[in-house]
Amino acid sequence: MASKHPQEVEDLHFRVLKHLQDNPDMSQRELARLLGVSNGKLHYCMKALIDKGLVKLGNFAHSKHHLGYAYLLTPAGIAQKASMTSRFLKRKMAEYEALHAEIAALQAEMAGEQHATTRSSTN
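Just so it is clear, the structure is predicted and the values come from calculations on it, not from any experiment.

Caption draft 1: Quick look at the nonpolar core. Within the largest apolar cluster, 21 residues are counted, with the highest numbers of intra-cluster contacts made by V16, L20, L31, L42 and M46. Contributing elements (two or more residues each) for this core: α1 (5–22), α2 (28–35), α3 (39–51), β2 (69–73) and α4 (75–122). In terms of residue count, α1 provides more of this core than any other element does, five residues in total. For L31, the contacting residues outside a window of four places in its chain are V16, H19, L20, M26, L42 and M46.

Listed below in structure tokens is the structure:
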């Protein structure tokens, strides 16, 4: 079975890009809290996105933070986010379908057990 690590990294990168596109002046601390990851993990992720040229650090005059910075998606970042959105959606749909099938199987199993219990108690 293939490692889930590359998918987890891509999912985190996707979620970071998604949030930064909507809120470019969000601090790393706020973003880490929102995504449920440590500040260190988010910092490592941001560094990777900046090194890949997907995000750049820019000045933002109306920032709610005193430093006046913003994380801006580059054109490459916007294109990468679109590509990642498609892959993310396909993975989540596959997970949904597998979960739906598992739930249906468990419901059928429970119905069968209840039916067997009802039959044995009436005999």
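Caption draft 2: Local environment of the packing of α1 against α2. Put simply, α1 and α2 touch, their axes get as near as 11 Å, and they point 125 degrees apart. Classified by the angle between their axes, α1 and α2 sit oblique to one another. When you trace α1 past α2, the crossing you get is right-handed. Taking contact as the criterion, the partners of L12, R15, V16, H19 and L20 in α1 are, on α2, L31, L34 and L35. Of the residues assigned to the contact of α1 with α2, the class counts are six nonpolar, one polar and one charged.

About the criteria used
Residues numbered from 1 in each chain as written. Predicted model: local features only at pLDDT ≥ 70, side-chain atom pairs only at ≥ 80, totals over all residues. Heavy atoms only, no water. Core = buried A, V, L, I, M, F, W, Y, C linked by side-chain atoms within 4.5 Å. Buried < 20%, exposed > 50% of the residue type's maximum accessible area, 1.4 Å probe, protein only. Helix = DSSP H or I, 4+ residues; strand = E, 2+ residues; numbered from the N terminus. Contact = heavy atoms within 4.5 Å. Axes fitted to C-alpha atoms, helices over the stretch in contact; angles between N-to-C directions. Parallel < 35°, antiparallel > 145°, perpendicular 65-115°, else oblique. Left-handed = near helix turned anticlockwise from the far one by under 90°. Nonpolar A, V, L, I, M, F, W, Y, C, P; charged D, E, K, R; others polar.

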